[in-house]
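These are the residues of each chain, in order.
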Amino acid sequence: MVDVILGLQWGDEGKGKIVDFFAPRYDLIARFQGGPNAGHTLYVKDKKIVLHQIPSGIFHEGTVNLIGNGVVLDPITLKKECESVAAFGVDFRKNLYIAQRTHLILPTHRALDKASEMLKGEGKIGSTLKGIAPAYMDKTGRNGLRVGDLLDKTFTTQYIKLRLKHQKLLDSVNFQEDLSEWEEEFFEALDFMRQFKIINGEYFINDKLSKGKTVLAEGAQGSMLDVDFGTFPYVTSSNTISAGVCTGLGVAPQQIRDVIGVSKAYCTRVGRGPFPTELDDAVGEDLRKKGNEFGSTTGRPRRCGWIDGVALKFACMINGVTKIVMTKADVLDTFEELKVCTAYSINGQTTEEIPFQMDRMSIEPVLQTFKGWNTDITAAKKFADLPEKMKEYIQFVNKYLGVKISYISNGPGRDQLIENG
Ligand code: GDP
Ligand code: IMO
Ligand code: MG
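Keep in mind that this is a model prediction, so the values were computed, not measured. (Residues numbered from 1 in each chain as written. Chains lettered and ligands numbered in written order. Predicted model: local features only at pLDDT ≥ 70, side-chain atom pairs only at ≥ 80, totals over all residues. Heavy atoms only, no water.)

Asker: Before we go on, may I ask you to explain the overall build of the chain in this structure?
Answerer: The helix and strand inventory of the chain stands at 12 helices and 20 strands. Relative to the 2.2 N^0.38 estimate, which gives 22 Å for 421 residues, the radius of gyration of the chain is 21 Å and therefore close to what a compact globule would have. Per-residue burial for the chain yields a buried fraction of 58% across its 421 residues. Taking the intrachain contacts of the chain between residues at least 6 apart in sequence as the baseline, contacts between residues at least 24 apart amount to 76%. Accessible surface, the chain as shown: approximately 18000 Å² in total, 50% of it carbon and sulfur. Measuring between centres, the 53 positive side-chain charges of the chain sit 3 Å from its 53 negative side-chain charges. (Helix = DSSP H or I, 4+ residues; strand = E, 2+ residues; numbered from the N terminus. Rg over C-alpha atoms; globule rule 2.2 N^0.38 Å. Buried < 20%, exposed > 50% of the residue type's maximum accessible area, 1.4 Å probe, protein only. Contact = heavy atoms within 4.5 Å. Areas by Shrake-Rupley, 256 points an atom, 1.4 Å probe, with all protein chains shown as cover. Lys, Arg positive; Asp, Glu negative; His and termini not counted. Charge placed at Lys NZ, Arg CZ, Asp CG, Glu CD.)

Asker: Honestly, the site of ligand 2 in this entry has me stumped. Any pointers?
Answerer: Lining the immediate surroundings of ligand 2 are 21 residues, of which Asp12, Lys15, His40, Thr128 and Thr236 lie closest. Contacts to ligand 2 include His40, whose side-chain N or O atom sits 2.7 Å from an oxygen atom. Calculation on ligand 2 without its partners gives an accessible area of 550 Å², and the protein chains cover 98% of this total. Residue composition of the shell around ligand 2, grouped by class: eight nonpolar, 10 polar and three charged. (Near = heavy atom within 4 Å. Polar contact = N/O pair within 3.5 Å; in protein donor to acceptor, adjacent residues only side chain to side chain. Nonpolar A, V, L, I, M, F, W, Y, C, P; charged D, E, K, R; others polar.)

Asker: What is the right way to read the site of ligand 1 from this model?
Answerer: Near ligand 1 you find 19 residues, and of these Lys15, Thr41, Ser296, Asp330 and Ser409 are the closest. With respect to ligand 1, the backbone of Gly16 contributes an N or O atom lying 2.9 Å from an oxygen atom. The separation between an oxygen atom of ligand 1 and a polar main-chain atom of Gly39 is 2.8 Å. Mapped by element, the contributors of at least two residues to the shell around ligand 1 are helix H1 (15-22) and strand E3 (40-44). Its residues placed into classes, the shell around ligand 1 shows three nonpolar, nine polar and seven charged. Here the shell around ligand 1 spans two domains, and each of domain 1 (2-102 + 197-260) and domain 3 (264-419) adds at least three residues to it. (Domains from an automatic or database assignment.)

Asker: I tried to follow the pattern of salt bridges on my own but got confused; where do I start?
Answerer: Opposite charge on two side chains lets them pair, provided their charged atoms get close. Applying the stated criterion to the full structure yields 25 salt bridges. Of the charged contacts, one joins Asp191 and Arg194 as a salt bridge, the two residues approaching to 2.7 Å between their closest N and O atoms. Linking Lys382 and Asp385 is a salt bridge whose minimum nitrogen-to-oxygen distance equals 3.3 Å. Bridged by salt links that share partners, the residues Asp12, Lys264, Glu293, Arg302 and Lys328 form one connected network. (Salt bridge = Lys/Arg side-chain N within 4 Å of Asp/Glu carboxyl O.)

Asker: Any chance you could explain a negative patch on the surface here in plain terms?
Answerer: On the surface, Asp178, Glu181, Glu184 and Glu188 cluster together into a negatively charged patch. Examined against the element boundaries, Glu181 turns out to sit in helix H7 (residues 180-193). (Patch = residues over 30% accessible without salt bridge, like charges linked within 9 Å, V, L, I, M, F, W, Y side chains within 5 Å.)

In structure tokens, the structure reads:
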């Protein structure tokens, strides 16, 4: 049986904390897509740690962690991350596995990412510049190098061939940057990676499933950044939705039980692209300040706005969400008024559907207003402790989406999670 935890918005919903919380209930935690564009924040013994590629179950002894084939993996980042988790006493050599079909991010992928954003100019995506799109392009273009190739004698020859191809592309756009330092680090990191348990991920996971073991699949980014269903072209380059679990790990759809969708009690987006409920005013600024909304990977300020019911309903539909976790509810503690977007108004027409080419139209959110609860909820332990006004807010979103908000997160700490009923 596989349960999935994934983001329902534009990323940074608090997935890392939620995966860390639920991890002890599972035998295996697996990342199925994305790469070091992700930044998942956890608090371990009151110390903050941000994971980019290692699954968020790594701090629990007894859970196996797998980087699945759907991920694009940067060896340099992986080495650094391993060193930082080792500082917490984690024996990553024992419980971190990597699927051999996982594609590698090369230094030239990062350079190509930068070059592509430069060429796009005004139309740039706001990529994290971690080489994600070029690495996935080499995967679908059937050129990429995979983790399993590391163990092959021809690896260096294959690398040189691909690097030359990349260099030609970089030269053609006159992109000049000295990559020698990156490359040196890259080869050091590859040597480090060769000590890992590089395995056949699909047999590994299916063998566990056939023995009745439980798997938690950890999503990166969010549903509105999905390459097919997100706000294209302002998206990432992988399938972030639940369907990505099957291709990203090699498990059959019948194995999936719960799809746990994580959403903030409001909404944020980092990078460019449509964001209908964005608040470009003092309220948005207040959300950013109180929610400490600065990117975990790039440190960029996150754009902030009200919760977008239209986008959430869409995300629930395409993911088959069975439970919702509402995070950062405490950030709204001091707001006099709260708003929920229940429809979009486009050229005077109201719709509850996500339109095609959202980036090319002017969308006015239709907002329903709620009174704030004006109570500090960070110490609440059970649903009954929560203020009535907050329960009304949750109840409304719950009813609008038709999916239960099963948990409410009321702070970044491991123990700040309240079950609803
Ligand atoms: P992820 O990418 O989905 O894992 O989310 P990030 O880690 O990028 O961003 C979420 C941020 O919110 C992190 O700094 C978390 O520590 C923090 N966080 C998570 N849940 C809560 C919560 O319920 N309340 C508050 N105040 N912060 C939270
Ligand atoms: P987690 O897992 C928020 C955004 C980037 C950019 C777009 C494309 O922490 O939620 P990419 O580098 O993937 O080519 O960038 O996607 N983005 C994220 N935004 N959280 C993330 O991950 C993101 N990963 C990518 O800001 O707009
Ligand atoms: Mg993040």
